[in-house]
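Structural characterization, general
The chain contents come next:
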Amino acid sequence: MRLYRALLTLYPRSFRAEYGGEMCAVFEQRRRAAGRPAQRVLVWFGEVAGLLANAAAVHWDLARQDLRFTARALRRTPGFALTAVLVIALGVGANTAAFSVADFVLVRPLPYPDSDRLVKLWERVPEYQVELSPANYRDWRAASTVFESMGAYLPIEVNLVGEGDPERLPAASVTSDILTMLGVTPALGRVFAPADDREGAVGTVVLSYGVWQSRFGGDGAVLGRRLLLDGEPHVVIGVMPPGFHFPSREIALWRPMPLRPDDYEDRDNNYLHVLGRLRPGVSLEEAEAEMGVITARLEREYPKENEQTGAMLLPLRDYLPERSRLLLLGLCGAALCILLIACANLANLLLARTLARQKELALRTALGAGRERLVRQLLTETIVLAGVGGGLGTLVAAAALPLLARLVPDTLPIGQSPALDLRVLLVAGLITGITALGFGVLPALRAGRDTGLEGLREGARSGAGPKQRLRSALVIAEVMASVALLVSSGLLLRALWRIQSVDPGFRAEGVLTLRTALPWPKYIHTADRVEFYRRVLTEVRAIPGVERAAYISFLPMAMPGGIWPVGLDGGEADGQGKHSASLRFITPGFFGTLEIPLRTGRDVMETDRSDALAVAVVSESFVRRYWPNADPIGRSFDFAFQKRTVVGVVGDVMVRGLERSSEPQVYLPATQVPDSSIIFYTPKDLVVRSSFDPTSLVPAIRNIVRRADPEQPISNVRTMGEIVAEETTSRAVQVRLLGSLAALALLLAGVGIHGLLSYSVSTRARELGVRIALGAQRRDILRMVLGQAVRLAGVGVLLGVALAYSAARGMAALLASVGPADGVTLLVAGALCLAMAAAGCWFPALRAVRTDPIAAIKAE
């Protein structure tokens, strides 16, 4: 019987109180009527089965009643229901989307087996780190014991010829260890073997799944097919599976990187990206300690080349631009602010609704409803609201993810589109659910204990005291979070405006750019390249509407580096320190095409051939650094393996982008590029200035290039304006996202203030009526209600400014010299929040001054 009575607790308390005794008596009677023990066991199991089935039926019947009552109650208050659902949806949706992207980029393991053991290696010298030289890579690999394997790679671009139209594709040149180290089985064929790395081996290539599908139609017979990459034959030996990316998402194919003996001669030629896989059980600290010993030994053996050269190790998972990391962390912080505001608003809504229903709850209690029944009903309403809001929030998150996917950096070896993270969805839903239960159900427990007449009186003052202070604190928290978001987005907007106002040093409007990277060894000779440039430029300049055209090694902002040491007579040459400059080869007319001002001297000319005087055009910053008080024309300096004579000075260009200062620039004639050295810097980017829409020139230029060389593809087609705009694209996306979240937070905070004051006015109707009856002026009532809103908003603004200042200091790298305490931003954010508070309290204030004192007093 004790066990049977314990099982009766599965029924609702009200059901047990009414039928529990009778059920126990019937069970005892049947148990005694059974004679044998076996029959008693059968009776026991039969009774228990019936009890469980009946308990479920009773609960379901009560649930149906509660659901019907909930539907009627919410239909009577559609404003409350819609607001609560939207608040939950926005809080859950914003957080699920933001944290799903952050988890995808910052937390989730890379899509390789045991990816936590993959480590990126650099040479570390004072104040910066660089890629490895082939000689140091060879020695590090031979001496280390903590790595299971070590390999090198180099992102490149190649011309693919022989399958359809010529195409320029992003690729990677890799040692045979790399693809094996990543541990991903190819979808077809094999990956590289050590024999593929050897000098003189037959060229081989592994295709990405995307290129296999788009270029070869997913043909399974692609293995063994011969392709021309940069004019050299390669055999397809494998296809990687879908979703495989390395070292970045854009890579379309991989080819071997044989290192020849002469590659190991220069320890200062740093260009190899190196990846290692730690042995099982080896920590990053142990690997760093061993590499410190190895680099110290190499410094003793090669004191000149390896002076102060150490090793830097970083997990491949953490190889992420700092700006992208800060952007995602800022987005997560903004989403948390939205969740805080949503929970505060939800709490205010549910508190107001529960307190406003005190009369109903007291009446139901007086008619015999127990606290269990009241709590069950309110729990059903809360679950319905949370369920509908959570479902809608999932749709909001799914709709927002494609927009937030633009924040996934291209440099990571992961896909573009993150999926909804169910863990984040569960946590966000759990937080809002706990808020809903806490503020929607627990007040009913107190209401159920009150069986007196006070709760039935029309004028009962239920909103004063601790509950009012709690609701005020929630509103302050909403305003604080809103101000923090407004200030943060305002600072980023100010930074964006400041960057966009920077003069790049050239005029980007009306300029088309495209790349015709000439392959080696087909164009190993300077004369062949110069003839290609001449043919293309002659025909392009003849197109109607074209004003100017020229070639350059790398466009400004598209390639920020190219640093070379500068040697003056009697001075040192230092490629990393003060005596350095950025190198570009150009054809005549480049400065006029981009309208870079020529300050003095002349442009490069066709007569500046390889057998003539080696000349250079330098930037104003070059002159300021090396000859600040002298005429630079005719002066000489050592640069790029030759002594160069200055023939012209041009204005400075923001080569490294709008946010970073650039090194002095040196422009050399394309006709003076040596045949067998620094071929990486040969001109490849064509710039064309047009008097009309430059994009309309693309078909004609494509035909011109095809006539000059049928196997030469064009790539990277875009306007110069697009290149400049890309400098601020990520910032613009960030400002739009944070600005949208800030506007949403401001709206939710306004709803919170409106709800608080509306409820405050309704609960103080008797007090306001008495005040008016005793002679209080309407303006005094208006001032009192508005003052309450202003005080709450003022406290929230002050706390929000302090929070925003702390957040701004953490994202100083994104502010482009805009101070975290920028006065204009703080004033505008504070004013917007105060205006929001005024708008939110206006209608409650008007309702307060229109209170009928006679009706308010009679209600008591």
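Please read all numbers here as calculations on a predicted model, not as lab measurements. (Residues numbered from 1 in each chain as written. Predicted model: local features only at pLDDT ≥ 70, side-chain atom pairs only at ≥ 80, totals over all residues. Heavy atoms only, no water.)

**Considerations on the overall build of the protein**
Counting its regular elements, the protein contains 24 helices and 22 strands. Within the protein, the proportion of its 860 residues that are buried is 50%. At a minimum sequence separation of 6, the contacts of the protein that also span at least 24 residues come to 81%. Counting only carbon and sulfur atoms, one obtains 59% of the accessible surface of the protein, whose full area is about 38,700 Å². (Helix = DSSP H or I, 4+ residues; strand = E, 2+ residues; numbered from the N terminus. Buried < 20%, exposed > 50% of the residue type's maximum accessible area, 1.4 Å probe, protein only. Contact = heavy atoms within 4.5 Å. Areas by Shrake-Rupley, 256 points an atom, 1.4 Å probe, with all protein chains shown as cover.)

**A few points about the pattern of salt bridges**
Inspection of the entire model under this criterion finds 29 salt bridges. Taking the shortest distance from any N to any O, the salt bridge between aspartate 114 and arginine 117 comes out at 3.3 Å. You can call arginine 117 buried: its relative accessible area is 15%. Put simply, arginine 656 and glutamate 663 hold a salt bridge, and the shortest N to O gap is 2.8 Å. The buried category is assigned to arginine 656, whose relative accessible area is 18%. A single network of salt bridges, built from pairs that share partners, joins Glu157, Arg168, Asp230, Arg515 and Asp685. (Salt bridge = Lys/Arg side-chain N within 4 Å of Asp/Glu carboxyl O.)

**Description of the pairing of strand S8 (residues 232–239)**
Burial runs high along S8: 6 of the 8 residues are buried. Pairing geometry for strand S5 (residues 188–189) and S8, over 2 bridges, is antiparallel. Bridging from a neighbouring strand, leucine 188 pairs with valine 239 of S8. Direction of pairing for strand S6 (residues 204–207) relative to S8: parallel, over a ladder of 4 bridges. Bridge pairing links leucine 207 to valine 239 in S8. (Pairing = 2+ DSSP bridges.)

**Things to note about helix H9 (residues 284–301)**
The end-to-end C-alpha distance of H9, which contains 18 residues, comes to 26 Å, matching closely the 26 Å that a straight helix rising 1.5 Å per residue would cover. Those residues of H9 lying buried are Ala287, Glu290, Met291, Ile294, Thr295 and Leu298. The arc that holds every buried residue of H9, seen down its axis, measures 135 degrees, which confines them to one face. Residues of H9 that are exposed and point over 90 degrees away from its buried face: Glu285, Val293 and Arg300. Looking at the buried side of H9, the elements it contacts are strand S1 (118–125), helix H5 (134–143), strand S3 (147–161), strand S10 (273–278) and strand S11 (310–315). (Expected span 1.5 Å × (residues − 1). Arc of directions from axis to C-beta.)

**Observations concerning the packing of aromatic side chains**
For the structure shown, the criterion picks out 20 aromatic pairs. Ring plane angle 35 degrees and centroid distance 6.4 Å describe the contact between phenylalanine 590 and tyrosine 667, whose orientation is recorded as tilted. Note that phenylalanine 590 is positioned in helix H17 (residues 590–594) and tyrosine 667 in strand S20 (residues 665–669), a separation of 77 residues in sequence. The pair phenylalanine 590 / tyrosine 667 is uniform in exposure class, with both members buried. Three or more aromatic residues joined by ring pairs make a cluster, and in this case those are Phe622, Tyr626, Trp627, Phe637 and Phe639. (Phe/Tyr/Trp six-rings, centres within 6.5 Å; stacked < 30°, edge-to-face > 60°.)

**Topic: unusual backbone geometry**
In this structure, the amide linkage connecting phenylalanine 246 to the following residue, proline 247, adopts the cis form with an omega of -10 degrees. Summarising the element assignment, proline 247 is placed in the loop between S8 and strand S9 (253–256). Phi at aspartate 230 takes a positive value of approximately 55 degrees, unusual for a residue other than glycine. Tracing the backbone shows aspartate 230 in the loop between strand S7 (226–229) and S8. Classification of aspartate 230 by relative accessible area gives buried; the value is 10%.

**Quick look at the packing of helix H16 (residues 526–541) against helix H19 (residues 698–708)**
The N-to-C vectors of H16 and H19 enclose an angle of 145 degrees; their axes lie 10 Å apart at closest approach. Crossing of H16 over H19 shows right-handed handedness. Here Phe532, Arg535, Val536, Glu539 and Val540 of H16 come into contact with H19, specifically with Ile701, Ile704, Val705, Arg707 and Ala708. The residue inventory of the contact of H16 with H19, partitioned by class, reads 7 nonpolar, no polar and 3 charged. (Axes fitted to C-alpha atoms, helices over the stretch in contact; angles between N-to-C directions. Left-handed = near helix turned anticlockwise from the far one by under 90°. Nonpolar A, V, L, I, M, F, W, Y, C, P; charged D, E, K, R; others polar.)

**With respect to the confidence of the model for the protein**
Of the residues in the protein, 86% reach a pLDDT of 70 or more, and the chain-wide mean stands at 81. Counting interchain partners and residues more than four positions distant, the pLDDT-below-50 stretch residues 458–464 has 15 contacts. For residues 571–577, every residue scores under 50 in pLDDT, and the model assigns this stretch 15 contacts once sequence neighbours within four places are set aside. (pLDDT = per-residue confidence, 0-100.)

**Topic: the side chain of serine 553**
As for its placement among the helices and strands, serine 553 is situated in the loop between strand S13 (546–552) and strand S14 (563–565). Only 2.3 Å separates the side chain of serine 553 from the backbone oxygen of tyrosine 681, close enough to count as a polar contact. Other than its neighbours up to four places away in sequence, serine 553 contacts Arg584, Phe585, Tyr681, Thr682, Pro683, Lys684 and Asp685. (Polar contact = N/O pair within 3.5 Å; in protein donor to acceptor, adjacent residues only side chain to side chain.)

**Details of a positive patch on the surface**
A cluster of basic side chains, namely Arg68, Arg72, Arg75 and Arg76, defines a positive patch on the protein surface. If you trace the backbone, arginine 72 turns up in helix H3 (residues 37–76). Exposure remark for arginine 72: the relative accessible area of 39% places this residue in the partly exposed category. (Patch = residues over 30% accessible without salt bridge, like charges linked within 9 Å, V, L, I, M, F, W, Y side chains within 5 Å. Lys, Arg positive; Asp, Glu negative; His and termini not counted. Charge placed at Lys NZ, Arg CZ, Asp CG, Glu CD.)

**What to know about a nonpolar patch on the surface**
A grouping of Leu82, Leu86, Leu392 and Leu395 is seen on the molecular surface, where their side chains present a nonpolar patch of about 370 Å² in accessible area. Where the nonpolar patch is concerned, the elements lending two or more residues are helix H4 (78–107) and helix H12 (371–404). Of note, leucine 82 is situated in helix H4.

**A short note on the packing of H5 against H9**
When two helices pack together, their arrangement is given by the angle between the helix axes and the distance between those axes. Closest axis-to-axis distance for the H5/H9 pair is 10 Å, and the angle between their directions is 130 degrees. Taken as axis vectors, H5 and H9 run oblique relative to one another. Viewed along their axes, H5 and H9 form a crossing whose handedness is right-handed. Within the contact between the two elements, H5 uses Asn136, Asp139, Trp140 and Ala143 and H9 uses Met291, Ile294, Thr295, Arg297 and Leu298. (Parallel < 35°, antiparallel > 145°, perpendicular 65-115°, else oblique.)

**Observations concerning helix H22 (residues 778–810)**
Residue pairs spaced three or four apart in an α-helix point in one direction, given the helix's 3.6 residues per turn. Its 33 residues give H22 an end-to-end C-alpha distance of 48 Å, which sits within 8% of 48 Å, the value for a rise of 1.5 Å per residue. Along H22, the residues classified as buried are Ile781, Val785, Gly787, Gln788, Ala789, Leu792, Ala793, Gly796, Val797, Gly800, Ala804 and Ala808.

**Observations concerning the environment of leucine 470**
Along the chain, leucine 470 turns up in helix H15 (residues 466–500). For the pair leucine 470 and alanine 347, spaced 123 residues apart in the sequence, the C-alpha separation amounts to 9.7 Å.

**Focus: the side chain of glutamine 672**
Summarising the element assignment, glutamine 672 is placed in the loop between S20 and strand S21 (685–690). Under the relative-accessibility criterion, glutamine 672 is labelled buried at 5%.

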